[in-house]
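Architecture at a glance
Chain by chain, the residues run as shown.
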Amino acid sequence: MKTVVPCYYHLDVEVSPERVDQVRRILAAHLRYWNLENLVEPVCHCAELLLRTIDAHATDKNTTLEMWWNGQHLITAIADIDGKSHPEAATRGWLAHVAALSDGWGCCATGSGGRIVWFSRRARAMERSPLVPTAPAPSLRESRRAPRELPVPELAVPAPEGPLVGAATD
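Residues numbered from 1 in each chain as written. Predicted model: local features only at pLDDT ≥ 70, side-chain atom pairs only at ≥ 80, totals over all residues. Heavy atoms only, no water.

Here we come to helix H1 (residues 17–33). Compared with the 24 Å implied by 1.5 Å per residue over 17 residues, the 25 Å span of H1 between its first and last C-alpha is a close match. Those residues of H1 lying buried are Val20, Val23, Leu27, Ala28 and Leu31. Along H1, the residues classed as buried sweep out an arc of 140 degrees about the axis, all on the same side. Exposed side of H1, more than 90 degrees from the buried face: Glu18, Arg25 and Tyr33 are the residues found there. (Helix = DSSP H or I, 4+ residues; strand = E, 2+ residues; numbered from the N terminus. Expected span 1.5 Å × (residues − 1). Buried < 20%, exposed > 50% of the residue type's maximum accessible area, 1.4 Å probe, protein only. Arc of directions from axis to C-beta.)

In structure tokens:
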């Protein structure tokens, strides 16, 4: 049985529209590095929704993003410092998306008046197969054998080496 090494990633970022796209690419790269390619789209989509909500509603845009992978579950948490942007005050649309794309989610308050929104996904690490070069497919010349060489029939009879009999002489 193959054991999985637990992984952790932490990112502090000031959210802006440009940074949301950068963070999405960073998260996708880490998930691919952890061999969790099947989680890239749902996790990045949920994180993007949460970061865009923070960008639209929070006055303090400083955010902390964390991901934990334990071999069975990937937990992603996004914390903001602004206490004015709570899930109850925001539209419920992004929470419905997060709930639909995750196996579990939650929200809790921090001691500094902010909040942490987390979501989890169950998955198994994909088996890594070693990269082995495959033999190229044979080309047409290699796969068909050359025909046997057949003697070419002579088309004309060669001239005799001696003088021609019955030839006129001057």
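Okay, back to it.
Right, let's get into the nonpolar core. Residues Leu27, Leu31, Trp34, Leu65, Met67 and Leu74 are the most contacted members of the largest nonpolar core, which totals 33 residues. Contributing elements (two or more residues each) for this core: strand E1 (7–14), H1, helix H2 (40–57), strand E2 (62–69), strand E3 (73–80), helix H3 (93–101) and strand E5 (115–122). Leucine 65 has contacts with Tyr9, His10, Leu11, Val23, Leu27, Leu51, Ala77 and Ile78, leaving out every residue within four places of it along the chain. (Core = buried A, V, L, I, M, F, W, Y, C linked by side-chain atoms within 4.5 Å. Contact = heavy atoms within 4.5 Å.)

On the basis of which strands lie adjacent, the open sheet formed by 5 strands has the order E1-E2-E3-E5-E4 and antiparallel pairing. Taken across any chain shown, the strands that pair with only one partner, and hence form the sheet edges, are E1 and strand E4 (104–109). In this sheet, adjacent strand axes meet at a mean angle of 15 degrees when their direction is disregarded. As paired strands, E3 and E5 are joined by 8 bridges and run antiparallel to one another. Bridging from a neighbouring strand, aspartate 80 pairs with arginine 115 of E5. H3 rests against E4 and E5 of the sheet, and its axis sits at about 30 degrees to E5. (Pairing = 2+ DSSP bridges. Axes fitted to C-alpha atoms, helices over the stretch in contact; angles between N-to-C directions.)

Another point: unusual backbone geometry. Located in the positive-phi region is asparagine 35, a residue other than glycine, with phi close to 65 degrees. Structurally, asparagine 35 is set in the loop between H1 and H2.

Within E3, 6 of the 8 residues are buried, which leaves it mostly tucked inside the rest of the structure. Sheet topology places E2 next to E3; 7 bridges connect them, and they run antiparallel. Bridge pairing in E3 links threonine 63 to aspartate 80. Adjacent in sequence and paired antiparallel, E2 and E3 are bridged by 3 residues, among which glycine 71 carries a positive phi angle near 105 degrees.

This paragraph deals with the pattern of salt bridges. Under the criterion given, the structure shown has 6 salt bridges. Of the charged contacts in the structure, one is a salt bridge between glutamate 41 and arginine 24, with a shortest N-O distance of 3.1 Å. Linking glutamate 41 in helix H2 with arginine 24 in helix H1, this pair joins segments that are 17 residues apart in sequence. With a relative accessible area of 47%, glutamate 41 lands in the partly exposed category. Residue aspartate 80 pairs with arginine 115 through a salt bridge whose shortest N-O separation is 3.5 Å. Of this pair, aspartate 80 sits in strand E3 while arginine 115 sits in strand E5, and the two are 35 residues apart along the sequence. Three or more residues are tied together by salt bridges with common partners; here these are Asp21, Arg24, Glu41, Glu48 and Arg52. (Salt bridge = Lys/Arg side-chain N within 4 Å of Asp/Glu carboxyl O.)

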